[in-house]
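Per-entry structural report
Listed here are the chains, written in short residue letters.
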Amino acid sequence: MASTDDDKPDDKTDRIKDSAQQIWLAGLGAFAKMQQEGSKAFEALVKDGVGVQKKTQHAAEETLAQAQARMAGFASEFGSRAAGGWGKLESIFEDRVARALEKLGMPSAQEVAALQARVEALEAQLMRKEPAARPARAPRKTAARHPAGAAAKPSRRRKPSGDA
């Protein structure tokens, strides 16, 4: 019986060795399979990622286009409001300047134009009555506010002297 007991420990050791060898080989096989399947899985993930990126990029472009259209609308509306505001401001300014000039006794642009038309009509009437007596004159320009000779006159003010 001793011989059967001796066979059993070797048999157990062999079975353990065989089992360990099979576990090792199964591990290597799983590792190899994972490398193979891992590259396929990686490629599939990359393909899916490209699809998601395209969808996201398209959605972002649409959102950007909508935002640009909205901003263009706001800019146009703001521009028209600002132009209306400037028109009102310009009108108020013109009215105030006209009133100030009127208070100073200055004729309005309409009054000056009417006077100029009357002068031209009178000149034409004179020319019809005396065509040979008067030479043709160039149209008159609006008179300057200060006569030209006033600038040439020396000032009556005394200049302050450095000796006091």
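Here we come to the overall build of the chain. Counting secondary structure elements, the chain contains 3 helices and 0 strands. The linear arrangement of helices and strands in the chain, starting from the amino end, is α-α-α. Burial analysis of the chain (164 residues in total) assigns 0% to the buried set. Per element, the accessible surface of the chain, about 15,900 Å² overall, is 60% carbon and sulfur.

The next subject is the pattern of salt bridges. Two side chains of opposite charge can pair, provided their charged atoms sit close to one another. With the rule as written, the count across this model stands at 2 salt bridges. When the shortest N-O distance is used, the salt bridge between R81 and E77 registers 2.9 Å. Taken as a pair, R81 and E77 lie in helix 1 (residues 2-103) at a separation of 4 residues, close to a single helical turn.

Here the focus is the layout of surface pockets. Estimates place the volume of the second largest pocket at around 240 Å³. At the level of secondary structure, the elements contributing two or more residues to the lining of the second largest pocket comprise helix 1 and helix 2 (109-129). The greatest single-element share of the lining of the second largest pocket, amounting to 5 residues, is contributed by helix 1. Of the residues assigned to the lining of the second largest pocket, the class counts are 6 nonpolar, 2 polar and 3 charged.

Moving on: a nonpolar patch on the surface. A cluster of nonpolar residues, F93, V97, L101, L104 and M106, forms a patch on the protein surface that exposes about 480 Å² of accessible area. Residue placement: M106 occurs in the loop between helix 1 and helix 2. For M106, a relative accessible area of 33% gives the class partly exposed.

Of all residues in the chain, 75% attain a pLDDT of 70 or more, and the chain-wide mean is 78. Ranking the elements of the chain by mean pLDDT puts helix 3 (residues 148-152) last with 47 and helix 2 first with 92. Counting interchain partners and residues more than four positions distant, the pLDDT-below-50 stretch residues 147-152 has 0 contacts.

Scoring rules and cut-offs
Residues numbered from 1 in each chain as written. Predicted model: local features only at pLDDT ≥ 70, side-chain atom pairs only at ≥ 80, totals over all residues. Heavy atoms only, no water. Helix = DSSP H or I, 4+ residues; strand = E, 2+ residues; numbered from the N terminus. Buried < 20%, exposed > 50% of the residue type's maximum accessible area, 1.4 Å probe, protein only. Areas by Shrake-Rupley, 256 points an atom, 1.4 Å probe, with all protein chains shown as cover. Salt bridge = Lys/Arg side-chain N within 4 Å of Asp/Glu carboxyl O. 1 Å grid on protein atoms, 1.4 Å probe; cavity = no way out; pocket = protein on both sides within 12 Å on 5 of 7 lines; lining within 4 Å. Points joined across faces, edges and corners; volume = space filled by probe spheres on them. Nonpolar A, V, L, I, M, F, W, Y, C, P; charged D, E, K, R; others polar. Patch = residues over 30% accessible without salt bridge, like charges linked within 9 Å, V, L, I, M, F, W, Y side chains within 5 Å. pLDDT = per-residue confidence, 0-100. Contact = heavy atoms within 4.5 Å.

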